[in-house]
Amino acid sequence: MNREVTYRLPAEWEPQQAVLLTWPHAATDWAYCLDDITETFIQIADAITREEDLIIATPEPDDVRLLLGTRLTERQCQRIRFCHCPTDDTWARDHGFITLAPDQAGQPLHLLDFRFNGWGDKFPAAHDNAINRHLYEQGLLTGEYENHDDFVLEGGSIESDGLGTIFTTSMCLLAPHRNQPLTRERIEEELKRRLHAERIVWLDHGLLEGDDTDGHIDTIVRCAPDDTLVYVGCDDTTDTQYETFRLLEEQLRSLRTVEGAPYRLIRLPMPRTIYEDDYRLPATYANFLVINGVVLYPTYAQADNDEAARNAIQTAFPHHRLVGIDACTIIRQHGSIHCLTMQIFRGQGAKDDLTD
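Overview of the structure.

A word on the sheet that holds strand β18 (residues 321-326)
No. 1: Ordered in space as β16-β17-β18, the 3 strands form an open sheet in which the pairing is mixed. A single partner strand is all that each edge strand has here, and the edge strands are β16 (289-291) and β18. On average, adjacent strands in this sheet sit at an angle of 25° to one another, irrespective of strand direction.
No. 2: Alignment of β16 against strand β17 (residues 294-299), held across 3 bridges, turns out to be antiparallel. From the neighbouring strand, V290 faces β17, where its bridge partner is V295.
No. 3: The strands touched by helix α1 (residues 34-49) within the sheet are β16, β17 and β18, with β18 carrying the most contacts at an inclination of about 165°.
No. 4: Along the sheet, helix α11 (residues 303-316) makes contact with β17 and β18, crossing β17 at roughly 155°.

Written as structure tokens, this is what we have:
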């Protein structure tokens, strides 16, 4: 008798088939620095297509295809699939599919399509909320489509250890215009049910100034192999963020794994303050992206901090090659590398879950 297939949210360092990028264009908030952000996107696309496939959502596929053809190798370009659709912005982490992997070979991925409402109705998001449906209808992914449009959940608001534990923040998931009037307890129940999780760990501190997301977990704390948590620390007692990050560190030290052991903690530096028009930008080294065999990590033209962050991330991922990506332009729209990208995991035993 065949046993029932179970599903789980993998850890980011598990095998991936592709990464989603939603390309910037002149009708997005990037219009004032479009050339600069396009160059950053090209660098990200270059790094990804050296290791795995890339899906690009854009209303201008022909233009983007021609541009990348001048910068990437033929082999890299062959790894790219285009989704032709309207878009509002570029934050694929928060509007992309969340993929659950099966525990049996030959079973399909589950493609979870949650509602994206512009981080609590702060920004227009109707086009971005429809991107997953376009991806599926255009045949760019195979798997079981799950419609979760009745529940707001952004990919940047959760972290998985791949073993049944999901980390999140109360600042974000309890923020206005997400899932009210659901209580924290009810939201936890929904996360467990929809993500097939065994437990939810809530963090209550570490909100970065200038953060539009109300405190996404991927800006402050990230999971790594061997019960490791990589987190942002703050040493400057004059920084207005010092106290909340002190409390975050204190809370992390109190956490225990399912087996009752403390987590291995690896501390990232806080970048020196970056402003635009007297507005503090939420720069963070925690917003790195793990792909197959490589970690893409943000740099901020701060040689000492950039190197310290690299060393910390390398300690957490000793078997991965590290590639630094200048995130000074990305941070101008209050995000970084992880925010711009969303991985599609590879199913158990699958050779290639992307369609031709």
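Re the sheet that holds strand β11 (residues 221-224)
No. 1: Strand order in this open sheet of 3 strands is β11-β12-β13, and the pairing throughout is mixed. Taken across any chain shown, the strands that pair with only one partner, and hence form the sheet edges, are β11 and β13 (264-268). The mean angle between the axes of side-by-side strands here comes to 25°, regardless of whether they run parallel or antiparallel.
No. 2: Relative to strand β12 (residues 228-232), β11 runs antiparallel, the two being bridged by 4 bridges. The residue of β12 that forms the bridge with V221 is Y231.
No. 3: Helix α10 (residues 242-254) rests against β11, β12 and β13 of the sheet, and its axis sits at about 170° to β12.

Side note on the packing of aromatic side chains
No. 1: In total, this model carries 11 aromatic pairs according to the counting rule given.
No. 2: With a centroid separation of 5.8 Å and an interplanar angle of 85°, the aromatic rings of F97 and Y145 are classed as edge-to-face. Of the two residues, F97 is situated in the loop between α4 (92-95) and β5 (98-102) and Y145 in strand β7 (residues 144-152); the sequence distance between them amounts to 48 residues.
No. 3: Taking relative accessible area as the criterion, Y145 reaches 18% and is therefore assigned buried.
No. 4: A centroid spacing of 5.2 Å and a plane angle of 40° characterise the contact between Y136 and Y145, whose relative ring orientation is tilted.
No. 5: Residue Y136 is classed as partly exposed on the basis of its relative accessible area, which comes to 29%.

Examining the pairing of β5
No. 1: Counting buried positions along β5 gives 5 out of 5 residues, so the element sits mostly inside the fold.
No. 2: Here β5 shows no split at all, with I98, L100 and P102 on one side and T99 and A101 on the other all buried.
No. 3: Pairing of strand β1 (residues 7-8) with β5, which is carried by 2 bridges, proceeds in the antiparallel orientation. Pairing of R8 across the sheet is with A101, part of β5.
No. 4: By the bridge criterion, 3 bridges tie β5 to strand β6 (residues 110-115) in an arrangement that is antiparallel. Paired with I98 across the two strands is L112, which belongs to β6.

What to know about the nonpolar core
No. 1: In terms of nonpolar packing, the biggest core is built from 72 residues, with W23, L68, V221 and L268 touching the most fellow members.
No. 2: Considering every element that reaches this core, the biggest residue donor is α1, with 7 residues.
No. 3: Not counting the four nearest positions on each side in its chain, W23 is found in contact with T38, F41, I42, A45, I56, A57, T58, V64, L67, L68, T87 and T90.
No. 4: C85, F97, I98 and L140 belong to the second largest nonpolar core, which has 36 residues in total.

Conventions and cut-offs
- Every residue gets a number counted from 1 within its own chain, in the order that chain's sequence is written.
- In view of the model being predicted, local features appear only for residues whose pLDDT reaches at least 70, and side-chain atom pairs are presented and counted only at 80 or more, with totals across whole chains, interfaces and linings using the full set of residues.
- Only hydrogens and water are set aside when side-chain values are computed; all heavy atoms of the structure are taken into account.
- DSSP-based pairing: two strands are paired if at least 2 bridges between them are found.
- We count a stretch as a helix when DSSP gives it H or I for four or more residues in a row; a strand needs E for two or more, and each element gets its number in order from the N terminus.
- For helices, the fitted line uses only the C-alpha atoms of the stretch in contact; every axis is such a line through C-alpha atoms, and the angle between N-to-C directions lies from 0 to 180 degrees.
- The contact criterion used is simple: two residues touch if any of their non-hydrogen atoms lie within 4.5 Å.
- Think of it this way: a Phe, Tyr or Trp ring, Trp meaning its six-membered ring, pairs with another when their centres are within 6.5 Å, and the plane angle makes it stacked under 30 degrees, edge-to-face over 60, tilted otherwise.
- We call a residue buried when its accessible area falls under 20% of the maximum for its residue type, exposed when it is over 50%, and partly exposed in between, using a 1.4 Å probe and counting protein chains only.
- Throughout this description, the term nonpolar core refers to a set of buried Ala, Val, Leu, Ile, Met, Phe, Trp, Tyr and Cys residues connected via side-chain atoms within 4.5 Å.

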